[in-house]
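# Coordinate inspection notes
One letter stands for each residue in the lines below.
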Protein chains: 2
Amino acid sequence: MPKVTLKKLAKILGISPATVSKALKNYPDINENTKKRVLELAKSLNYQPNSLAQGLRNNESKIIGLVIPEIVHHFFSNIISGVIKAAEKKGYLIIILQSNESYEQEKSHLKKLMDKNVDGILLSLSDTTTEYKHIKQVIDRGIPIVMYDKISKLISASKVIIDDQKAAFNATQYLIDTGCRKIAHIRGDLKPQTTIDRFIGYKKALAKNNIEFDASLVYNCKGLTFNEGYKIAKKIINDHKDVDGVFAFTDLVATGVLKRFRELDIHVPNQVSVMGFSDWFLTKITTPTLSTVHQPGYEMGQEAFEVLYRDICTLKKGLKIIPEIIEIPTYIVPRNSTKKLPKISK
Amino acid sequence: MPKVTLKKLAKILGISPATVSKALKNYPDINENTKKRVLELAKSLNYQPNSLAQGLRNNESKIIGLVIPEIVHHFFSNIISGVIKAAEKKGYLIIILQSNESYEQEKSHLKKLMDKNVDGILLSLSDTTTEYKHIKQVIDRGIPIVMYDKISKLISASKVIIDDQKAAFNATQYLIDTGCRKIAHIRGDLKPQTTIDRFIGYKKALAKNNIEFDASLVYNCKGLTFNEGYKIAKKIINDHKDVDGVFAFTDLVATGVLKRFRELDIHVPNQVSVMGFSDWFLTKITTPTLSTVHQPGYEMGQEAFEVLYRDICTLKKGLKIIPEIIEIPTYIVPRNSTKKLPKISK
DNA sequence: TTGAAAGCGCTAACAG
DNA sequence: CTGTTAGCGCTTTCAA
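This write-up is about the structure you can find in this document.

## Brief notes about the pattern of salt bridges
- Under the defined criterion, the tally for this structure stands at 24 salt bridges over all chains.
- With a closest N to O distance of 2.9 Å, B:Glu60 and B:Lys316 form a salt bridge. In this pair, B:Glu60 sits in the loop between α4 (51–58) and β1 (63–68) while B:Lys316 sits in helix α12 (residues 297–316), placing the two residues 256 residues apart along the sequence.
- For B:Lys316, a relative accessible area of 54% gives the class exposed.
- B:Glu228 is the salt-bridge partner of B:Lys231, the closest N and O atoms lying 3.7 Å from each other. In this pair, B:Lys231 and B:Glu228 are both assigned in helix α10 (residues 226–239), three residues apart and thus about one turn of the helix distant.
- Through salt bridges that share partners, A:Glu101, A:Asp127 and A:Lys150 make up one connected network.

## Digging into the nonpolar core
- Counting residues in hydrophobic clusters, the biggest one holds 146 residues, and the most contacted among them are A:Phe261, B:Ile186 and B:Phe261.
- Once you skip the residues sitting within four places of it in the chain, B:Ile186 turns out to touch B:Tyr219, B:Cys221, B:Ile232, B:Ile236, B:Val246, B:Phe247, B:Ala248, B:Phe249, B:Val253 and B:Val257.
- Membership of the second largest hydrophobic core comes to 40 residues, among which are A:Leu93, B:Ile95, B:Leu113 and B:Ile121.

## Observations concerning the packing of aromatic side chains
All names here are of chain B.
- Enumeration over the complete set of coordinates arrives at 16 aromatic pairs over all chains.
- On the basis of an interplanar angle of 25° and a centroid distance of 6.1 Å, the ring pair of phenylalanine 305 and tyrosine 309 is categorised as stacked. In this pair, phenylalanine 305 and tyrosine 309 both sit in helix α12, four residues apart, roughly one turn of the helix.
- By relative accessible area, phenylalanine 305 is classed as buried at 0%.

## Digging into the pairing of strand β8 (residues 245–248) of chain B
Residues and elements named next belong to chain B.
- Residue alternation in β8 divides its side chains into two sets, Gly245 and Phe247 and Val246 and Ala248, and both sets are buried.
- Pairing of β8 with strand β9 (residues 273–275) involves three bridges; the strand directions are parallel. Its bridge partner being in β9, valine 246 is matched across the sheet by valine 274.
- The handedness of the β8 to β9 crossover, carried by helix α11 (residues 251–263), is right-handed.

## Overview of the protein's contact with DNA strand D
- Inspection of the region around DNA strand D gives 26 residues, with A:Lys22, B:Leu6, B:Lys25, B:Tyr47 and B:Arg57 positioned closest.
- Considering DNA strand D, the proportion of its atoms within 4 Å of the protein that are sugar or phosphate atoms stands at 64%.
- In the environment of DNA strand D, a phosphate oxygen lies 2.6 Å from a nitrogen or oxygen atom belonging to the side chain of B:Tyr47.
- Mapped onto the surface near DNA strand D, the elements with two or more residues apiece are α2 (17–24) and α4 (51–58) of chain A together with α1 (6–13), α2 (17–24) and α4 of chain B.
- Counting residues per element, the surface near DNA strand D draws most heavily on α4(B), which supplies four residues.
- Partitioning the surface near DNA strand D into residue classes produces ten nonpolar, nine polar and seven charged.

## Quick look at the interface of chain A and chain B
- With 52 residues of chain A in contact, the opposing surface of chain B contributes 52 residues.
- With both chains or domains summed, chain A and chain B bury close to 4800 Å², and 61% of this area falls on carbon and sulfur atoms.
- For A:Glu88, the salt bridge identified is with B:Lys112, shortest N-O distance 3.3 Å.
- Summed over the shared surface of chain A and chain B, the number is ten residue pairs in polar contact (both at pLDDT 80 or more).
- Going through the elements one at a time, α4, α5 (74–89), β2 (93–98), α6 (103–115), α7 (133–140) and α11 (251–263) of chain A are the ones with two or more residues in the side of chain A that touches chain B.

## Notes on the protein's contact with DNA strand C
- Taken together, the neighbourhood of DNA strand C is formed by 26 residues, with A:Leu6, A:Lys25, A:Tyr47, A:Arg57 and B:Lys22 sitting nearest.
- The sugar-phosphate portion of DNA strand C accounts for 65% of its atoms within 4 Å of the protein, the bases making up the rest.
- A distance of 2.7 Å is found between a phosphate oxygen of DNA strand C and a side-chain nitrogen or oxygen belonging to B:Thr34.
- Looking at the surface near DNA strand C, the element that brings in the most residues is α4(A), giving four residues.
- Split into classes, the residues belonging to the surface near DNA strand C amount to ten nonpolar, nine polar and seven charged.

## With respect to the sheet that holds β8(B)
Residue and element names in this part refer to chain B.
- Pairing in this open sheet of four strands is parallel, and the strands run β7-β6-β8-β9 from one edge to the other. In this open sheet, the two strands that pair with only one neighbour each are β7 (218–220) and β9. On average, adjacent strands in this sheet sit at an angle of 15° to one another, irrespective of strand direction.
- Sheet contacts for helix α9 (residues 193–208): β6 (183–187), β7 and β8; angle to β6, the most-contacted strand, approximately 170°.
- Set on the sheet, α10 makes contact with β6, β7 and β8; between it and β7 the angle comes to about 150°.

## Section: the packing of helix α1 (residues 6–13) of chain A against α2(A)
Residue and element names in this part refer to chain A.
- Relative orientation of the contacting elements α1 and α2 amounts to 105°, with a least axis distance of 8 Å. With respect to each other, α1 and α2 are oriented roughly perpendicular. Across the interface between the two elements, Leu6, Lys7, Leu9 and Ala10 of α1 pack against Pro17, Val20, Ser21 and Leu24 of α2.

Scoring rules and cut-offs
Residues numbered from 1 in each chain as written. Chains lettered and ligands numbered in written order. Predicted model: local features only at pLDDT ≥ 70, side-chain atom pairs only at ≥ 80, totals over all residues. Heavy atoms only, no water. Salt bridge = Lys/Arg side-chain N within 4 Å of Asp/Glu carboxyl O. Helix = DSSP H or I, 4+ residues; strand = E, 2+ residues; numbered from the N terminus. Buried < 20%, exposed > 50% of the residue type's maximum accessible area, 1.4 Å probe, protein only. Core = buried A, V, L, I, M, F, W, Y, C linked by side-chain atoms within 4.5 Å. Contact = heavy atoms within 4.5 Å. Phe/Tyr/Trp six-rings, centres within 6.5 Å; stacked < 30°, edge-to-face > 60°. Pairing = 2+ DSSP bridges. Right-handed = clockwise from strand over helix to strand, strands pointing away. Near = heavy atom within 4 Å. Polar contact = N/O pair within 3.5 Å; in protein donor to acceptor, adjacent residues only side chain to side chain. Nonpolar A, V, L, I, M, F, W, Y, C, P; charged D, E, K, R; others polar. Buried area = accessible area lost by both parts, 1.4 Å probe. Axes fitted to C-alpha atoms, helices over the stretch in contact; angles between N-to-C directions. Parallel < 35°, antiparallel > 145°, perpendicular 65-115°, else oblique.

Quick look at the structure:
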């Protein structure tokens, strides 16, 4: 199947490639009739412009890169979905790469994306990234980067985030409002900022309500797994018989807690309330269903693309990017693992 | 940051671009010394070839397209992950598009991918696709397509699949082997082939074991949702008090069944066994955990890319593609929603 | 062992 | 309104 090129169209019509190009691009200085002929022929021959050539010429690929820590993950696959949706509207395609929380991979992925002349990159930092030279290099090359979810304050670029601290504060406050006084917190690894922020939010909520912070109520969770939650639940109960709330930094862990509590015949939420974080799909199917903080992946993905798009346009106009920080609101999703709020609202 | 091009390197070194290109590409007819100088300069200036130009010249993009029905889905995100992993090894990047089970979107996605000069396409048919002209067009254009998961026998292309019929047969057989005799089947929409095949597998297993097929035990499930399972579970019990097994065509639905059964105080697996299909992540966290058929998304993704890669190479050599059909094996994952197999094995 | 030249397909500036 | 020309960055003859 010999490919249909501009040149060929031109030859068939007996006009120049330039004219054909303009006709196809709806330039104003083209005879209506010529334009019609071109358009018709193009359609009938099913002409597709060669985007490689276009890209080479115009110095843009209409492709953006998306670097994601882990694809098989409810939150991140929602992000992908949001990005694709928003990108589609503007005629952009998405190349996806997975960093697996590895700094090395992140670095090499950025390189690959630059090689492919992407017009911009969406990046969520890997947990092991502590240096940012590779990112600055990309930006210096004139390829805009927007960071989402896991970001660094040390990079000057647009960002799309949630306020983990506030979200965790609200979650803890919710537990308190529904009557909990002795609330354990299961936190993640020490490093990632999100984990730290959620921990701070937890502490702040306690402080605000004059509940003394008790370090022994804070449990460190190595992996982000169901099993970790399952194990820790037992520990919590052993250590603190009178605990009445658990706030886990992520749903999966909370789910493990739920399961163990049921096995231990600890009633949720009457004896102990449990609060997760993220609003993964699975929170709807546990028994009891899990109250959690909704982390809007889809919206983040959409927003991230839109910011990036704006930055791309800014850059194309030769202007300097003014980084935007966009915060996507989160909210509590009350389900059955927490008690009802008292009617008398503040 | 002015980009480093071949030309620039050539100028700096006082040699021709052609020579630089060859040096970089390890051509044999280049002076060792020249080569070294080129390589060094290239590295020190961090030269990256412009892939658009390369692509234009060599007529290949080193990008492949992946059309997926739905990204936010455990099975499919595993596929993505597998594809990316395999593609990475061969230096390919992946553009992802989501069809949302829409024929129109599928069609337009294929067009976009062709426009972007992808070297090949991985496609899982949307449920609403009944015509295949758009696919044949792509193949005619010389872009190889490999279909995975949801395929059509009417297309001559390589395919990566599981044997749904066999898998469903085994699942049903497993229920029978563990003592079930009156097994309900929750099936999906009428159209998709997978649904039909699973239904056939179910029937065949009954026949094989001399259990009479009873159409009233087959329930049609509109959506692929937890709620559907939840609703249907009640119906099953109302219609058939003595049912002792349920085989759902997908895990999510089975999970809904599990939940409703618990509410109805129907013991799983002692009174009724429940078997799902897919081995989604969530099957490990339900109560009881859900026995299911493992559907290996990651492996399918890897395999799909590899077949596509072979087809791309074949085509590049000017040979004709001989379609391969690759079947990825499935297996039963026994968990706690089914009874144990009797010790005396056949 | 090197380089000049042509061209992949498209577009933009400019001339007619 | 249309066409000529030049060139994006790279590769590949082919001649030197």
